[in-house]
Amino acid sequence: PDDLQSRFGFAHPKQCLELSFARQSLGIISRVHPAVVSALGVDNSDVAVLLLDVDALVDAQAKTKFKFSSPPTFPAVKVDVALALPTGVDYAAAHNAVSAAAGKLLDQIELFDVYSGPGLKDGQHSMAFTVLLRASDRTLGDKEEQSFIQKVSKAAEQLGGNLRS
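Let us look at the structure shown here. (Residues numbered from 1 in each chain as written. Predicted model: local features only at pLDDT ≥ 70, side-chain atom pairs only at ≥ 80, totals over all residues. Heavy atoms only, no water.)

## Some remarks on the overall build of the protein
Just so we agree on the cut-off: Secondary structure is summarised from DSSP: a helix means a run of H or I of at least four residues, a strand means a run of E of at least two, and numbering begins at the N terminus for each. It is over C-alpha atoms that the radius of gyration is taken, and the globule rule equals 2.2 Å times the number of residues to the power 0.38.
Within the protein one finds five helices and seven strands. In sequence order, the secondary structure elements of the protein are arranged as α-β-β-α-β-α-β-α-β-β-α-β. What you see for the protein is a C-alpha radius of gyration of 24 Å, clearly larger than the 15 Å of a compact globule of 165 residues, by over 25%. Seen through its principal axes, the protein has C-alpha atoms that stretch 70 × 40 × 35 Å.

## Thoughts on the packing of helix α4 (residues 91-102) against helix α5 (residues 142-158)
To be explicit about the condition: To get an axis, a line is fitted to the C-alpha atoms, and for a helix only the part in contact is used. The angle between two axes follows their N-to-C directions and goes from 0 to 180 degrees. Whether a crossing is left-handed or right-handed is set by the direction in which the near helix is turned from the far one by less than a right angle, anticlockwise for left-handed and clockwise for right-handed. Any two residues whose heavy atoms approach within 4.5 Å at even a single point are treated as in contact. Lys, Arg, Asp and Glu make up the charged group, whereas Ala, Val, Leu, Ile, Met, Phe, Trp, Tyr, Cys and Pro make up the nonpolar group; the residues left over, Gly among them, are polar.
Direction vectors running N to C along α4 and α5 enclose 145°, while the axes themselves pass 8 Å from each other. Viewed along their axes, α4 and α5 form a crossing whose handedness is right-handed. Residue-level inspection shows A97, V98, A101 and A102 of α4 in contact with α5, the latter providing F148, K151, V152 and A155. A per-class count over the contact of α4 with α5 returns seven nonpolar, no polar and one charged.

## Section: the sheet that holds strand β7 (residues 162-164)
The criterion, for reference: Think of it this way: DSSP has to see at least two bridges between two strands before they count as a pair.
Taken in spatial order, the four strands line up as β5-β6-β4-β7 in an open sheet, and their pairing is antiparallel. The open sheet is flanked by β5 (106-115) and β7, the only strands paired with a single partner. For this sheet, the mean angle separating the axes of adjacent strands, direction not counted, is 35°. Taken together, the three bridges between strand β4 (residues 77-86) and β7 define a ladder with antiparallel strand orientation. Paired with A84 across the bridge in β7 is N162. Relative to strand β6 (residues 124-133), α4 is tilted by about 35°, and along the sheet it contacts β4, β5 and β6. Of the strands in this sheet, β4, β6 and β7 are in contact with α5, which crosses β4 at around 15°.

## Some words on the environment of V131
Note the threshold: For every residue, the accessible area (1.4 Å probe, protein chains only) is compared with the maximum for its type, and the residue is labelled buried under 20%, exposed over 50%, or partly exposed between those bounds.
Here V131 shows up in strand β6. Taking relative accessible area as the criterion, V131 reaches 0% and is therefore assigned buried. Look past the residues within four positions of V131 in its chain and what remains in contact with it is V77, K78, V79, V81, V98, L106, Q108, I109 and F148.

## A word on the side chain of S126
We apply this condition: In the analysis that follows, any N or O atom pair within 3.5 Å is treated as a polar contact, provided that within protein one partner can donate a hydrogen and the other can accept it, and provided that, for residues neighboring in sequence, both atoms belong to side chains.
With respect to the helices, strands and loops of the structure, S126 is situated in strand β6. Side-chain polar atoms of S126 contact the side chain of R164, separated by 3.2 Å.

## What about the nonpolar core?
What tends to happen in soluble globular proteins is that the nonpolar side chains get buried as a cluster. Definition in use: Buried Ala, Val, Leu, Ile, Met, Phe, Trp, Tyr and Cys residues form a nonpolar core when they are joined through side-chain atoms within 4.5 Å.
If you look at the biggest cluster of nonpolar residues, it comprises 21 residues, and the most contacted ones within it are V81, L83, V98, F129, V131, L133 and F148. Every element with two or more residues in this core is listed here: β4, α4, β6 and α5. With five residues, the top contributor of residues to this core is β4. Not counting chain neighbours up to four residues away, the residues in contact with V81 comprise V98, M127, A128, F129, V131, F148, V152 and L163.

## Observations concerning α5
Residues separated by three or four positions in an α-helix point in the same direction, a consequence of the helix having 3.6 residues per turn. The condition that has to hold: A helix is expected to reach a length of 1.5 Å times the quantity of its residues less one.
In a regular helix each residue adds 1.5 Å, so 17 residues correspond to 24 Å; α5 covers 24 Å between its end C-alpha atoms and thus fits that length. By the burial criterion, the buried members of α5 are E144, F148, V152, S153, A155 and A156. Contact partners of the buried residues in α5: β4, α4, β6 and β7. With its phi angle positive at about 90°, G160 sits one or two positions after the end of α5.

Below, the structure is given as structure tokens:
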């Protein structure tokens, strides 16, 4: 922070963060120094600055595997699915089955619960996933959501289990 304060006179001495990647500075995010805020005539206001070096950001991107993409145009459909599976079926197999059921509509998948106990058959455990489905060219409807749920149900059966309601 002290070095940033000397390089950026507007930066708050204790509330400033440098953004970097692979030891290359990409910019800073900082609360503006109270003296600068006062000089601007906006006392009792919280003012912050985000300063990005776009050339450094593009250079960092070119040296790595991460890629920039435009924000999605169409909304995602969030679907929670829970699979009751034999205890021998691991996370990777369940994750792959749910991902395959989503196909090209898969935007994001996250495991949010693992359960074993009452309500399940002996030798079963449950894995619950939140899945975001999204199309790049349209808003998805109930038809796509129901198709996904049917595919997940079939995938669970192929793994020796079932879709929990």
